[in-house]
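One-letter residues, chain by chain:
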Amino acid sequence: DEKSIGDRSSDEPADLVLTLAKAKMDHLVAEIQGSGNCDGDLPEREGDATNEWIVLTGDQVVTHCGRILEKPESVEEAKRFVAGYAEQPCSTVGSCVLTHLPSGIQVSGVDTATIHFKQTIDGSLVDKLLREEAPILSCAGGLMIEHPLVREHIENIQGTEDSVMGLSKDLVLRLLDELRRSLDDRDL
């Protein structure tokens with residue numbers, strides 16, 4: 001249960017998303033290495049006697065006016081989130097954790113992007129998105145910048161769209177390079 005991890009009222013957003021991503025990693029690595037629940041799910045590489053994997057987990061929250069916003073628990077809460085974005089920009093704070101198996105070497109990082117909306121955005125957008133069956137209640141902060149109805153309200157983004165959408169490509173590439181260097185330093 002993610003809600004039981006961290007303190008949304010006092011944790012820094014970057015610390016919270018790293019804590020959540022590392023908890024997910026611990027659970028996933030235990031599943032892969034210990035329980036046998038992943039047997040048959042991971043492909044075997046032909047001609048390779050060693051099974052090495054890079055496992056990736058992540059998490060993301062939206063911040064607004066100093067508050068951490070996760071997935072809205074109701075349509076009304078989603079409307080409040082979205083209406084607030086007209087007043088002040090919101091930011092996404094996303095983490096990524098990479099772990100090499102079997103060595104256990106782990107690297108992690110955080111990326112932030114800030115979204116500035118036009119004054120035209122308001123809670124009625126939520127109703128329009130729901131009519132189109134957009135899964136806004138499954139998105140941190142009720143934020144779906146990839147949807148055309150939302151795009152028309154975006155003034156600018158400081159950062160990258162992939163970061164806003166949940167996983168920064170630049171962060172993943174930087175962490176892969178860092179992991180490769182760590183493995184090279186240990187001759188693995």
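A few points on the structure.

Definitions and limits used
- Residues numbered from 1 in each chain as written.
- Predicted model: local features only at pLDDT ≥ 70, side-chain atom pairs only at ≥ 80, totals over all residues.
- Heavy atoms only, no water.
- Helix = DSSP H or I, 4+ residues; strand = E, 2+ residues; numbered from the N terminus.
- Buried < 20%, exposed > 50% of the residue type's maximum accessible area, 1.4 Å probe, protein only.
- Contact = heavy atoms within 4.5 Å.
- Areas by Shrake-Rupley, 256 points an atom, 1.4 Å probe, with all protein chains shown as cover.
- Polar contact = N/O pair within 3.5 Å; in protein donor to acceptor, adjacent residues only side chain to side chain.
- Expected span 1.5 Å × (residues − 1).
- Pairing = 2+ DSSP bridges.
- Axes fitted to C-alpha atoms, helices over the stretch in contact; angles between N-to-C directions.
- Phe/Tyr/Trp six-rings, centres within 6.5 Å; stacked < 30°, edge-to-face > 60°.
- Parallel < 35°, antiparallel > 145°, perpendicular 65-115°, else oblique.
- Nonpolar A, V, L, I, M, F, W, Y, C, P; charged D, E, K, R; others polar.

### Quick notes on the overall build of the protein
Link 1 in the chain: The helix and strand inventory of the protein stands at six helices and five strands.
Link 2 in the chain: Sequence-ordered secondary structure for the protein, helices as α and strands as β, is α-β-β-α-β-β-α-α-β-α-α.
Link 3 in the chain: With the C-alpha coordinates of the protein rotated into their principal frame, the extents come out at 60 × 35 × 30 Å.
Link 4 in the chain: For the protein, the proportion of its 188 residues judged to be buried stands at 40%.
Link 5 in the chain: Across the protein, every contact between residues at least 6 apart in sequence was considered, and the portion connecting residues at least 24 apart equals 70%.
Link 6 in the chain: Of the roughly 10,400 Å² that the protein leaves accessible, carbon and sulfur atoms contribute 47%.

### Some words on the side chain of His64
Link 1 in the chain: Relative to the elements of secondary structure, His64 occurs in strand E1 (residues 53-64).
Link 2 in the chain: Among the polar contacts made by the side chain of His64, one reaches the main-chain carbonyl oxygen of Gln88 at a distance of 3.1 Å.
Link 3 in the chain: Those residues in contact with His64, other than ones at most four positions away along the chain, are Leu69, Gly84, Tyr85, Gln88, Pro89 and Cys90.

### What to know about helix H6 (residues 169-185)
Link 1 in the chain: Relative to the 24 Å expected for 17 residues at 1.5 Å per residue, H6 spans 24 Å between its end C-alpha atoms, a close match to the ideal helical length.
Link 2 in the chain: Immediately beyond the C-terminal end of H6, within one or two residues, lies Asp187, with a positive phi of roughly 55 degrees.

### Describing the sheet that holds strand E4 (residues 106-117)
Link 1 in the chain: Ordered by their spatial adjacency, five strands build an open sheet running E2-E1-E3-E4-E5, and the pairing between neighbours is antiparallel. Across the chains shown, the open sheet's two edge strands, defined by having one partner strand only, are strand E2 (67-69) and strand E5 (154-158). Within this sheet the neighbouring strands show an average axis-to-axis angle of 30 degrees, counted without direction.
Link 2 in the chain: Here E4 runs beside E5; their pairing, made up of four bridges, is antiparallel.

### Considering the packing of aromatic side chains
Link 1 in the chain: A full pass over the atoms with the stated rule returns one aromatic pair.
Link 2 in the chain: With a centroid separation of 5.7 Å and 15 degrees between ring planes, the pair formed by Tyr85 and Phe117 is classed as stacked. With a gap of 32 residues between them, Tyr85 in the loop between helix H2 (75-84) and strand E3 (90-101) and Phe117 in strand E4 connect regions that are remote in the sequence. In terms of burial, Tyr85 and Phe117 fall into one category: buried.

### Some thoughts on the packing of H2 against helix H3 (residues 124-131)
Link 1 in the chain: Viewed as axis vectors pointing N to C, H2 and H3 meet at an angle of 125 degrees, and their least axial separation amounts to 8 Å. Of the possible angle classes, the one that applies to H2 and H3 is oblique. Only Leu125, Val126, Asp127 and Leu130 of H3 make contact with H2, whose side of the interface consists of Val75, Ala78, Lys79 and Val82.
Link 2 in the chain: Counted by class, the contact of H2 with H3 contains six nonpolar, no polar and two charged residues.

### Digging into unusual backbone geometry
Link 1 in the chain: Looking along the chain, the bond that leaves Leu101 and enters Pro102 is cis, with omega of 20 degrees.
Link 2 in the chain: Note that Pro102 resides in the loop between E3 and E4.
Link 3 in the chain: At Cys65, a residue that is not glycine, the phi angle is positive and equals roughly 50 degrees.
Link 4 in the chain: You can call Cys65 exposed: its relative accessible area is 55%.
Link 5 in the chain: The backbone phi angle of Glu133 is positive, close to 60 degrees, even though this residue is not glycine.
Link 6 in the chain: Considering the arrangement of structural elements, one finds Glu133 in the loop between H3 and helix H4 (148-151).

Geometric values such as these leave the question of function open.
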